[in-house]
Amino acid sequence: MNKKMNRVLKYALVLLLGACGSQKTLDPAALAQLYAEPLPAPEKPLRVFHIGHSLVGKNIPSMLEQLAGAGHDHRSQLGWGASLQSHWEPDIPVKGSEVENAHDRYQDAKAAIASGSFDALVLTESVEIKDAIKYFDSPEYVRRWARDARNANPAIRVYLYETWHPLDDPDGWLTRLDRDLGAYWEGVLLAQGLAHGDTGGPVYVIPAGQVMAAFVRRVEQAGGLPGLSAREDLFHRAPDGKQDMIHASDLGSYLVALTHYAVLYHRNPIGLPHRLLRADGSQADAPSEAAARVMQEVVWEVVTRYPKTGVRQAP
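Residues numbered from 1 in each chain as written. Predicted model: local features only at pLDDT ≥ 70, side-chain atom pairs only at ≥ 80, totals over all residues. Heavy atoms only, no water.

Asker: Mind laying out unusual backbone geometry, listing which residues take part and the relevant values?
Answerer: With an omega of 5°, the peptide bond running from Val127 to Glu128 counts as cis. Position of Glu128 among the secondary structure elements: in the loop between β3 (120-123) and α7 (129-136). Even without glycine at this site, Asp137 takes up a positive phi of about 50°. One can find Asp137 in the loop between α7 and α8 (138-152). Although it is not a glycine, His266 sits at a positive phi angle of roughly 60°. (Helix = DSSP H or I, 4+ residues; strand = E, 2+ residues; numbered from the N terminus.)

Asker: Describe in detail empty space enclosed by the protein, supporting the description with residues and values.
Answerer: Taken as a whole and assessed by the stated rule, the structure comprises one cavity of 30 Å³ or more. If you add up the space inside the largest cavity, you get close to 70 Å³. What lines the largest cavity is Val127, Ile129, Glu162, Thr163, Trp164, His165, Arg176, Leu177, Asp180, Leu181, Trp185 and Gln210. For the lining of the largest cavity, the element with the most residues is helix α9 (residues 173-193), which contributes five residues. Its residues assigned to classes, the lining of the largest cavity shows six nonpolar, three polar and three charged. (1 Å grid on protein atoms, 1.4 Å probe; cavity = no way out; pocket = protein on both sides within 12 Å on 5 of 7 lines; lining within 4 Å. Points joined across faces, edges and corners; volume = space filled by probe spheres on them. Nonpolar A, V, L, I, M, F, W, Y, C, P; charged D, E, K, R; others polar.)

Asker: I'd like to hear about the packing of helix α10 (residues 208-222) against helix α12 (residues 289-303), residue by residue, with values.
Answerer: With their axes 9 Å apart at the nearest point, α10 and α12 run at an angle of 130° to one another. Between α10 and α12, the interaxial angle falls into the category oblique. α10 and α12 meet at a crossing whose hand is right-handed. Facing Gln210, Val211, Ala214, Phe215 and Arg218 of α10, the residues of α12 in contact are Ala291, Val294, Met295, Glu297, Val298, Val299, Glu301 and Val302. (Axes fitted to C-alpha atoms, helices over the stretch in contact; angles between N-to-C directions. Parallel < 35°, antiparallel > 145°, perpendicular 65-115°, else oblique. Left-handed = near helix turned anticlockwise from the far one by under 90°. Contact = heavy atoms within 4.5 Å.)

Asker: Could you give me a rundown of the environment of Gly182, with the residues and numbers involved?
Answerer: Note that Gly182 resides in helix α9. Given the relative accessible area of 38%, Gly182 is considered partly exposed. C-alpha of Gly182 to C-alpha of Pro28: the two residues are 154 residues apart in sequence and 9.1 Å apart in space. (Buried < 20%, exposed > 50% of the residue type's maximum accessible area, 1.4 Å probe, protein only.)

Asker: Account for the sheet that holds β3, with residues named and values stated.
Answerer: With parallel pairing, five strands are arranged side by side in an open sheet as β2-β1-β3-β4-β5. Whereas interior strands pair on both sides, the edge strands pair on one side only; in this sheet they are β2 (73-77) and β5 (204-207). Averaged over all adjacent pairs, the angle separating strand axes in this sheet is 25°, with direction ignored. Inspection of the sheet shows strand β1 (residues 47-51) paired to β3 by four bridges, in the parallel sense. Bridging from a neighbouring strand, His50 pairs with Val122 of β3. Sheet strands in contact with helix α3 (residues 59-68) are β1, β2 and β4 (157-162), and its direction is about 170° off that of β2. Along the sheet, helix α11 (residues 250-265) makes contact with β1, β3, β4 and β5, crossing β5 at roughly 150°. (Pairing = 2+ DSSP bridges.)

Here is the structure:
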């Protein structure tokens, strides 16, 4: 039997076991218990490795580095819509790798993790998240990346970056963000990925989707903020005016970078700079000072009211 057939049968078996209810999992209480105690705040700048796709991109890690300041460093391995499975399996191509990794911060993910030289690993799964779970065995690859990272460096902090789905999702963009965190990111990726007890500790969450939802609600309830009037402003718009339904604009990237900063460093982002550069060195579109302040407030409110970030929670 050839290698390809072996792999097909293996993945078919995994899907069959899941469909039959045989997938090992943690119930919500057992999962929550893993996050009962917060992590200590880091005592030094971090070296961070990002694994993902275009909802990570090059600008968000670059903005995070600018927010964190001197000493922070990052590397990444990205693709187009890339699953964690494709980043792991050598015989599954990472689509768009040649384009997305053509920069000086690229490093091979397997080699980077095996080096043990990174302080934090940030994983994200491809979207549609339901399809990633169904076809690409997402929790197993959360488990594998976390397990290998901590085998190489027991002190490494491992994070799952919760993203979002298209603005025009038929079930409703906010509805999906409210529902999917518990149903998929926690209820499958974490509950099943951590159920075997071999990852050396929990995988913490960077709740970017939750921050986006909370910020959009603030904006829409206020009737807009200076320079930012609607959820669409967080997403890219082509030069011809066509709205991108899923990829972040500079404003959205800034909001997500703030979320990474607050979770990774356990620091309130209020007062951080809001005029930053893109990864290519060009000036990013900046939120107004008023909009930036609300972004920073919302990030800290969400992060300190969600124990799975690993950050000490608000009273």
